[in-house]
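If you want the building blocks of each chain, they are given just below.
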Amino acid sequence: RSSLVLPTLRLPTLPILPWLWLGPSLGDVMLLELAFSKLLAFLVFLVLACGLRLGIVVAGLSAVLLATARIEFSITWRSAVAVGAVAVITKSAADHPFACMAGNFFTDFLWSRLRNLAYKVLGGFVKFADEGSPLAPVPESSQKGSVCVVRTARFSGERFAALAPLLLSKGVPPSSEPLVALDPSVKFQIFLGFGGSFTESSADLLLEMSPRNQKLVLDAYFDEATGLGFKVGRLHIGSCDFSRGNWSCAEEPADEELKSFSIERYDKSILPMIRRAQEIVGSQLLLMASPWSPPRWMKDTGEMLKGGKLLPQYRKAWAKHYVKFAKAFEAAGVPLWSMTVQNEPHASTPWENCLYTHDEERDFVRDFLGPALRESSLDVKLLVWDHNRDDMFVRAKTVYSDPEAEQFVWGVAYHWYGDPRYEMWPAREGQVLYDNVRRVHELRPDKHIVMSEACQEFGPRLGDWKVGERYGEAIIRDLNNWLEAWIDWNLILDASGGPNHVNNFVSAPIIVDLARDKVLFHTNFYYMGHFSRFIKPGARRILASSNRDALEVTAFANPDGSLAAVVMNQGDFDVNFWLEVAGEVTKAEAPKHSISTFLLSAGAS
């Protein structure tokens, strides 16, 4: 990351903007590079990208604003210039995949950085997101036929607002009118819970906060009455990108006996954060642990970053590492519930990773990791894949088709990334593939499915309502496709979307502004809460349907007999609809860009 002070844009430069709007040739771009300083060339491409999307006036104003401010960029100016040049050269072929990706990258980068810059400059007196505070308790009603309604909406300002209860009565909804129908007699999977990830970045950041805000954050996530009621967590084995540097639990080269193994690094912040969360919950969390990379000496590249594979001679030692890690956490009073074989085994990125083909992961589980866990007598469930939905079916099919491998595997973990509506890198034809979750269940209904990582890329994006709606849509669709647990990524991040030792800044449901001593609740905090606060561990999904695309719905029957139905409307118009439950109906509404949870207590239903 380069910290740059951009020069002031002088008036004689402004006439260049109409020329840019008409579209320079590649030769013009090269002359421009020679005529202006390198920093000004970056600025010109920035203006070009703005102009193509926002219009020349807005582009000019953005250029002036950016040219007079100190900005920290998470990519170098050379990368930005290169991407801008590619976008210019290929702009006439708008349907070219690379052109689309380049344009999406440049626009997304610019938009997220402008939003982040605006918060840094104006955040002291302009509201970008809600300041954190304890949530109101979940409403309850024992009146027969009463339906409690809790709503969050973009334009009304409602945040977990308890509305006037609705009253069910016998009847038949009018034909052809919008309808959400629930049938508690038809049941599907048992749900385990919602949660987030205890990264080193989040845990260290918590220690930098005031005691009052530390309590606010932990209660906001783990308190069942005034928070989201999280019951599940995830942590990294060794470092990940959201760590303070690159490290492992066994740094001594060629230490096949793992005599140098230690989890001392976790004692500073990660284990204390987990213990405090468990005190609030009042029981052990369901904790998943995932490695991003083996120690550098176990890999063919000799480093933990930028891809590479596990060397065959260290497969036994690496399997032993999982066992030692689980036993060390158990001895620390924080037993693990599950482990994944490898975080994102198809990703070669600037941060920690290790590549496995479908066959390689199957063989490692069958011949090394599975037997090592079995011999250890640990009660730790093993999940494969831990990457995006696009290839999860093929990975599951490869592993499950081998009887010797599948006996060790409890299920499949996956990540949510790959939606070209929100990310610049996926193929334009889309890689989100919600149906693959259902296909994996159909392949082996006796196995299990967990969503193990989700976040919005490219910085914190404070106040962006679409981030919340992306969460709502993904959770509803995945739950309806047999998902059993949802684990978000970082619990908290700072106002830049870090710390991250490779500058891979992203968003989190809670953003902490240390400079202003603020805790900010992002839109996805509320959207996740509409599920996690009302759908309890042990709940079973029930049949829920809608006759309008605009009404996205899922519903669960809780262990206490209560029902929780979540209805989301991402549209630009309100939808009034009938809610039908077991032959009784009531009139309800879903305002534009809102999410609502409808609650029927055991006595009411």
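What counts, and where the lines are drawn
- Residues numbered from 1 in each chain as written.
- Predicted model: local features only at pLDDT ≥ 70, side-chain atom pairs only at ≥ 80, totals over all residues.
- Heavy atoms only, no water.
- Helix = DSSP H or I, 4+ residues; strand = E, 2+ residues; numbered from the N terminus.
- Buried < 20%, exposed > 50% of the residue type's maximum accessible area, 1.4 Å probe, protein only.
- Contact = heavy atoms within 4.5 Å.
- Areas by Shrake-Rupley, 256 points an atom, 1.4 Å probe, with all protein chains shown as cover.
- Pairing = 2+ DSSP bridges.
- Phe/Tyr/Trp six-rings, centres within 6.5 Å; stacked < 30°, edge-to-face > 60°.
- Lys NZ or Arg CZ within 6 Å of the ring centre and 35° of its normal.
- Axes fitted to C-alpha atoms, helices over the stretch in contact; angles between N-to-C directions.
- Parallel < 35°, antiparallel > 145°, perpendicular 65-115°, else oblique.
- Left-handed = near helix turned anticlockwise from the far one by under 90°.
- Nonpolar A, V, L, I, M, F, W, Y, C, P; charged D, E, K, R; others polar.
- Salt bridge = Lys/Arg side-chain N within 4 Å of Asp/Glu carboxyl O.

Turning next to the overall build of the protein. When its secondary structure is counted, the protein shows 17 helices and 24 strands. Residues classed as buried in the protein amount to 59% of the 605 residues present. If you take every contact in the protein between residues at least 6 apart in sequence, the share linking residues at least 24 apart comes to 74%. For the protein, the computed accessible surface area is about 23600 Å², with 56% contributed by carbon and sulfur atoms.

Within the open sheet, the ten strands sit side by side as β5-β4-β24-β21-β20-β19-β7-β22-β23-β6. Their pairing is mixed. Strands at the two margins of the open sheet, each flanked by one partner only, are β5 (161-167) and β6 (169-170). Across seven bridges, the pairing between strand β21 (residues 563-569) and strand β24 (residues 594-600) is antiparallel. Paired with Leu563 across the bridge in β24 is Leu600.

Moving on, we get to unusual backbone geometry. Each neighbour pair has its own omega, and for Gly498 with Pro499 the value is 5°, a cis peptide bond. For Pro499, the position within the fold is in the loop between β16 (492-494) and β17 (510-513). Phi is positive for Ser176, which is not a glycine, with a value near 75°. As for its position among the elements, Ser176 is in the loop between β6 and β7 (179-190). A positive phi angle, near 60°, is found at Asp386, a position not held by glycine.

According to the stated counting rule, one finds 31 aromatic pairs in the structure shown. Seen from their ring centres, Phe521 and Tyr526 are 6.2 Å apart, and the 70° between their planes marks the pair as edge-to-face. Each member of the pair, Phe521 as well as Tyr526, is classed as buried. Every member of this aromatic cluster is reached through a ring pair, and the members are Phe160, Phe198, Tyr221, Phe222, Phe230, Phe521, Phe525 and Tyr526. A cation over an aromatic ring shows up here: Arg159 above the ring of Tyr526, its NZ or CZ 5.7 Å from the ring centre. The positively charged end of Lys592 is found above the aromatic ring belonging to Phe155, 5.1 Å away from the centroid.

The next subject is the packing of helix α12 (residues 358-376) against helix α13 (residues 392-400). For the pair α12 and α13, interaxial distance at closest approach is 9 Å and the crossing angle is 40°. The orientation of α12 relative to α13 falls into the category oblique. Of the two possible hands of crossing, α12 and α13 adopt the one that is right-handed. Taken together, the residues of α13 that come into contact with α12 (itself represented by His358, Asp359, Glu361 and Arg362) are Val394, Arg395, Thr398 and Val399. Grouping the amino acids of the contact of α12 with α13 by side-chain chemistry returns two nonpolar, two polar and four charged.

We now examine the pairing of strand β15 (residues 485-490). Burial analysis of β15 places six of its six residues in the buried class, which makes it a mostly covered element. Bridge count between strand β8 (residues 193-197) and β15: four bridges; the pairing is parallel. Pairing of Gly195 across the sheet is with Ile487, part of β15.

For the coordinates displayed, the defined rule picks out 34 salt bridges. Residue Arg362 is joined to Asp359 by a salt bridge in which the shortest nitrogen-to-oxygen separation is 3.4 Å. In this pair, Arg362 and Asp359 are both assigned in helix α12, three residues apart and thus about one turn of the helix distant. A residue is classified by how much of its surface remains accessible, and Asp359, at 39% relative accessible area, is partly exposed. With a shortest N-O distance of 3.0 Å, Arg516 and Asp513 are connected by a salt bridge.

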